[in-house]
Every structure is written in structure tokens, then in C-alpha cells.
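Breakdown of the fold
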Amino acid sequence: YTIQYAGMLFFEFCIGAYYPAMGTVKGTIVPEDQRAAIYNVFRFPMNGLVLVSLVWNLPYGLSFFILAMLMMVASIVGLRATT
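Attention here is on the structure that accompanies the text. (Residues numbered from 1 in each chain as written. Predicted model: local features only at pLDDT ≥ 70, side-chain atom pairs only at ≥ 80, totals over all residues. Heavy atoms only, no water.)

Here's the deal with the overall build of the protein chain
- Within the protein chain, the regular secondary structure consists of three helices and zero strands.
- Reading the secondary structure of the protein chain in the N-to-C direction produces α-α-α.
- Rg of the C-alpha trace for the protein chain: 17 Å, well past the compact-globule value of 12 Å for 83 residues, more than 25% over.
- Principal-axis analysis of the C-alpha atoms gives the protein chain an extent of 45 × 40 × 30 Å.
- As displayed, the protein chain offers around 7600 Å² of accessible surface, 75% of which is attributable to carbon and sulfur atoms. (Helix = DSSP H or I, 4+ residues; strand = E, 2+ residues; numbered from the N terminus. Rg over C-alpha atoms; globule rule 2.2 N^0.38 Å. Areas by Shrake-Rupley, 256 points an atom, 1.4 Å probe, with all protein chains shown as cover.)

Some details on the pattern of salt bridges
- The tally for this structure, following the rule as stated, stands at one salt bridge.
- Between arginine 35 and glutamate 32 there is a salt bridge, with its nearest N and O atoms 3.1 Å apart. (Salt bridge = Lys/Arg side-chain N within 4 Å of Asp/Glu carboxyl O.)

Everything listed is a geometric property; what it means functionally is a separate question.
Structural data, given as C-alpha cells:
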């Protein structure tokens, strides 16, 4: 086996463990009757960012930099929300 194959297997294992766990957590936190509306509110900005990146045809380096900055902002907001 190559290192890339082992890395891919590890990544797939992590994804396979993450999504069911997060589904369980979100199922206990988000009320059933409001779940679709709340999830759509979070999907709207994500789809907007994808649309903007496709329309503007940004270089890969710039796209990854913007995404890294957005992830940093989201992490800071998340940490401040929990403290």
C-alpha cells in the first residue's frame, strides 16, 4: 500500500465516524419541528460562497486563503460563543 492510499483510508474512516456522530448531536440539539428551517439558514451562505467562487473564477491559492480566513473567523466566533 502507498502512503496516499493509507491517508485516503484514514480520511474515509474519519468521515465515516464524524457524520453519524454529528447527526446524533444535531438531532438532540435542534428541535424536530424547526430542523429543516434551521439547516436551510446555514446552507444559504455556504451556497452563496460556492456560487461567488465559481462566478468569479478565483485562482486556487486565493480561494484557499479566503476559505482559511473564513474558517479562522468561524473558529473565533465559536470559541467566543462557548465561553
